[in-house]
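# Architecture and fold: a report
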Amino acid sequence: MTHVNRRVLLGAGTLAAGSLMAGRRPRAQSGWRPTQTVRLVIPAAAGGTTDIMGRILAPHLHERWGQAAVVENKSGAGGTLGAAEVMRARPDGHTVLISNIGPQAIAYSLFNNLPYKPEDFIPVSNMIRGPNVLMVHPSLPVKTVPEFIRYLKERPGKLNYSTSGPGQSPHLAGVWFHQLTGTQATAIHYRGAGPAMTAMMAGDVDFGFDNLTSSVGQIKDGRVRALGVTSSDRSPQMPELPALRETLPELAEYDVNTWFGAFYPAGTPRAAVDALNAEIKVLLEMPSTKQRFAEMGGVPAYGTPAEYAAFVKAETEKWGAVVRKEGLKMDLG
């Protein structure tokens, strides 16, 4: 798999900007403004939800702040490479990490040699949350979750599933699923949701979990077959899909929602934190943003820096328990 390192300068003329800049936007109240290009580091390959969030936020900041916003994909090691790069960046408000549940919550208990700690980042605000979805390649002769579990149990350890990287939510969603159902399969890790989906559509893997927010198109096109969502309730975007917990008694406690938000490196001035938080709030309250998120199967998830910090801490503790139960520990290569 090839390391992805893309720099894309997004301005008001891009497609994403055009769809999100329609209408008059209220001006957020903050005295801080960037004095140079703002870097939005995405610790994943292009095509997944983390990448999409960065490409939605970048043109918004470009328009509002009057400075260029540069999106940089730094994928690898379950998102920890990009996170570590931001941790080492100058904390002046010009480098933003757009990250997710994997490198900012799960990684702390999963990896032995993680190069950063929770206190190396300032949580700014969540942006979107939504369920993962269990999908299989269309060649598999299963159409329901019970059928799929029987299929797995008849072939213990013989099937493989894609993840967007070790320690990402699709990986741990699979780990917990196998814990509860008593099934076995081999995780195949990719450098982001885009490559993982490509592998599933090609039949290189048998099944996988992925964010519904980045899988809706492939599901509707029939390139993969969705069996259910990982959240406690059905998704309004695809209400025909059952929640996994409603399909079998052993999955009754299964509830996985993934999330994506913004972080600054520790030491960033409070004025910059508040300014970015205010702009994210404006973006998430726009009708065009809400519509796009709904089309993706997600919902806006704004929070103050304090609220977001508490949320991330709770998620870190939740997934730490799953990792410890599995006895799962990994070294970063």
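Since we're looking at a predicted model, the values are computed, not measured. (Residues numbered from 1 in each chain as written. Predicted model: local features only at pLDDT ≥ 70, side-chain atom pairs only at ≥ 80, totals over all residues. Heavy atoms only, no water.)

## Section: the environment of K313
- Along the chain, the position of K313 falls in helix α11 (residues 305–326).
- For the pair K313 and A105, spaced 208 residues apart in sequence, the C-alpha separation works out to 7.4 Å. (Helix = DSSP H or I, 4+ residues; strand = E, 2+ residues; numbered from the N terminus.)

## Observations concerning the side chain of D210
- On the secondary structure map, D210 appears in strand β8 (residues 207–211).
- Despite its burial, D210 remains without a salt bridge, the nearest opposite charge being carried by R223 at 11 Å.
- Apart from residues no more than four positions distant in its own chain, D210 is found in contact with P131, N132, V133, M135, P170, A193, M197 and S215. (Buried < 20%, exposed > 50% of the residue type's maximum accessible area, 1.4 Å probe, protein only. Lys, Arg positive; Asp, Glu negative; His and termini not counted. Salt bridge = Lys/Arg side-chain N within 4 Å of Asp/Glu carboxyl O. Contact = heavy atoms within 4.5 Å.)

## Some thoughts on the pairing of strand β10 (residues 257–265)
- The buried count for β10 comes to eight of nine residues, which makes it a mostly enclosed element.
- Across four bridges, the pairing between strand β4 (residues 95–100) and β10 is antiparallel. Considered in β10, the bridge of I98 is made with A262.
- Examined bridge by bridge, strand β5 (residues 121–136) and β10 share nine bridges and lie antiparallel to one another. Among the inter-strand pairings, R129 is bridged to a residue of β10, identified as W259. (Pairing = 2+ DSSP bridges.)

## Focus on the side chain of T316
- With respect to the secondary-structure elements, T316 resides in helix α11.
- Looking at T316, its side chain comes within polar contact range of the main-chain oxygen of V312, at 2.8 Å.
- Ignoring any residue separated from it by four or fewer positions in sequence, one finds T316 in contact with Q104, A105 and Y108. (Polar contact = N/O pair within 3.5 Å; in protein donor to acceptor, adjacent residues only side chain to side chain.)

## Some words on the pairing of strand β2 (residues 38–42)
- Among the five residues of β2, four are classified as buried, and the element is accordingly described as predominantly covered.
- Two strands pair when backbone bridges link them, and β2 and strand β3 (residues 69–73) are joined in this way by five bridges, in the parallel orientation. Residue pairing for β3: V38 is matched across the bridge by A69.
- A crossover links β2 with its parallel partner β3, the connecting element being helix α2 (residues 49–65), and its sense is right-handed. (Right-handed = clockwise from strand over helix to strand, strands pointing away.)

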